[in-house]
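# Notes for the structure review
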Amino acid sequence: MNADGAARHVILSLRAGVQSTALALIAARGDLPLPEAAIFTDTGWESAVTYAHLEWLAAELDGVLPVHLVRKQRRDGGAAHIRDDALGVVAGRLPRMATPPVFVKGSREYNPCPNPAQQAKFVRHVGGASNFVVMPLFARTFTGKTSQLKRQCTGEYKIEPIIRKTRELVGRRRGIRRTQPPYVEMWIGISADEKPTRCKPSREPWITNCWPLRELGMTRRDCEQWLLEHHGLRVPKSSCIACPYHDDRLWREIKLHRPDEWEEAVADRAIRRLPMVQGECYVHRSCVPLDEVDLRTPEDRGQLTLPLGDEGRDNGDGEDLCQL
Ligand code: SF4
């Protein structure tokens, strides 16, 4: 119940990774109040293991907790696909995309845009900057700095579709003031071991974000244990196939066990010169082409394991890189 007495609808933001899967199944067992619905937002480029898990989960929750799959829509009404959209921008078929958080080896020159109208617009935008190089092949001067593009993909591919579906489910008509009911309590699968800074309020005043696993004091490991005990389940991490947030452990797993997805990921060379970016783009933080990154473990290299090496470090993103 809200301060003004209006009831809140409870919706689960389902990422189909460890934490939100545990949350859905704990609620389905009756150990938490049952949300009205769960919503999974698909970027179109999730791992096959995530889609398979999602199918299992939706069947398991059938008749108890409805699971809705949603996707960002393109202007022409088609379903967006994060990888195809990036390639569309590179080929000049699309004017822009929501940037993924790729790593950038900084250059003094901007990458040109193949679409002449878009290029002219961009040159105007940067004030006719003389460092806009039309043939970067002969003119790239690297700054020696690396950076990461601002992440826009979560907002466009994850948050907007879930908000749109939530509006529909709770009957929130256009024109209702943002502070007026119907209100929604949005459950998010961030566990007790994750950084509190990941728990951000919703940008929509009618949605209140909640983190029930934190209230239960459950860590990611507790969730894994619970899933194993109650369902015999090991849930794969959920994210786009070539999300730049992957750590080396996940890259190695994809390389060794999911060859088709690895082939798609190493095609990151296609986005090396993302139009209008000042530098070369890479999905691996080392700014080395993915198929050239040394992903061997210290043991593979004949070294002792270092306790604080890349292997032992959690990237802190838990399951849900993309949250409300
Ligand atoms: S998983 Fe990574 S690439 Fe995909 S939408 Fe989220 S942040 Fe962007």
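Residues numbered from 1 in each chain as written. Predicted model: local features only at pLDDT ≥ 70, side-chain atom pairs only at ≥ 80, totals over all residues.

### Looking at the confidence of the model for the chain
Overall, the predicted model of the chain reaches an average pLDDT of 87, with 87% of residues at or above 70. Here residues 130-139 is modelled with pLDDT under 50, and outside its nearest four sequence neighbours on either side it reaches 15 contacts, counting other chains as well. Confidence over residues 308-319 falls short of pLDDT 50; this stretch has 27 contacts with residues more than four positions distant or in other chains. (pLDDT = per-residue confidence, 0-100. Contact = placed C-beta atoms within 7 Å.)

### Things to note about the sheet that holds strand β8 (residues 279-282)
Here we have three strands laid out as an open sheet, ordered β5-β4-β8, and antiparallel in their pairing. Only two strands of the sheet have a single neighbouring strand rather than two, namely β5 (142-148) and β8. Going across the sheet, the axis of each strand differs from the next one's by a mean of 20 degrees, ignoring polarity. Note that strand β4 (residues 103-107) and β5 share four bridges and pair antiparallel. Among the inter-strand pairings, Ser107 is bridged to a residue of β5, identified as Phe142. (Pairing = 2+ DSSP bridges. Helix = DSSP H or I, 4+ residues; strand = E, 2+ residues; numbered from the N terminus. Axes fitted to C-alpha atoms, helices over the stretch in contact; angles between N-to-C directions.)

### Considerations on the environment of Leu274
Among the structural elements, Leu274 can be located in the loop between α9 (259-266) and β8. Residue Leu274 is classed as buried on the basis of its C-beta count, with 22 C-beta atoms lying within 10 Å. Beyond its immediate sequence surroundings of up to four residues, Leu274 is in contact with Val89, Val90, Asn111 and Cys281. (Buried ≥ 20, exposed ≤ 12 C-beta atoms within 10 Å, placed from the backbone.)

### Focus on the sheet that holds strand β7 (residues 207-210)
Within the open sheet, the five strands sit side by side as β3-β2-β1-β6-β7. Their pairing is parallel. This sheet does not close on itself; its edge strands, each paired only once, are β3 (67-71) and β7. Between one strand axis and the next, the sheet turns through 30 degrees on average, direction left out of account. Together, β1 (8-13), β2 (37-42) and β6 (183-188) form the strand contacts of helix α1 (residues 18-28), whose direction differs from that of β1 by roughly 135 degrees.

### Regarding the pairing of β3
Summarising the sheet, β2 and β3 pair through five bridges and their orientation is parallel. Bridge pairing links Ile39 to His68 in β3. The β-α-β motif built from β2, the intervening helix α2 (residues 48-60) and the parallel element β3 has right-handed crossover chirality. (Right-handed = clockwise from strand over helix to strand, strands pointing away.)

### Considerations on the nonpolar core
Counting 34 residues, the largest nonpolar core has Leu12, Leu14, Leu23, Ala24, Ala38, Phe40 and Val67 as its most contacted members. Elements supplying a minimum of two residues to this core: β1, α1, β2, α2, α5 (153-170) and β6. No other element matches the six residues that α1 contributes to this core. With residues up to four places along the chain from it excluded, the contact list for Val67 reads Leu14, Ala38, Phe40, Leu57, Ala58 and Leu61. Of all hydrophobic cores here, the second largest spans 24 residues; its members include Trp45, Val89, Val102 and Cys243. (Core = buried A, V, L, I, M, F, W, Y, C linked by C-beta atoms within 7 Å.)

### Quick notes on unusual backbone geometry
Cis geometry is found at the peptide bond from Pro181 to Pro182, where omega equals 5 degrees. Following the sequence through the fold, Pro182 ends up in the loop between α5 and β6. The phi torsion at Ala16 lies on the positive side, around 65 degrees, for a residue other than glycine. Mapped onto the secondary structure, Ala16 falls in the loop between β1 and α1. Under the C-beta neighbour-count criterion, Ala16 is labelled buried, with 30 such atoms within 10 Å. Even without glycine at this site, Cys287 takes up a positive phi of about 55 degrees. Residue position: Cys287 is located in the segment after β8. With 19 C-beta atoms packed within 10 Å, Cys287 lands in the partly exposed category.

### Focus: the packing of α1 against helix α7 (residues 220-231)
Two elements in contact, α1 and α7, have axes whose closest approach is 9 Å; the angle formed by their N-to-C orientations is 50 degrees. Between α1 and α7, the angle falls in the class oblique. Between α1 and α7 lies a crossing of left-handed hand. Contact residues: Val18, Gln19, Thr21, Ala22 and Leu25 in α1; Arg220, Cys223, Glu224, Trp226, Leu227, His230 and His231 in α7. (Parallel < 35°, antiparallel > 145°, perpendicular 65-115°, else oblique. Left-handed = near helix turned anticlockwise from the far one by under 90°.)

### Quick word on the environment of Glu156
Along the chain, Glu156 falls in helix α5. Sequence-wise, Glu156 and Thr99 are 57 residues apart; in three dimensions their C-alpha atoms are separated by 9.5 Å. Apart from residues lying up to four places away in sequence, Glu156 is in contact with Lys72 and Ala98.

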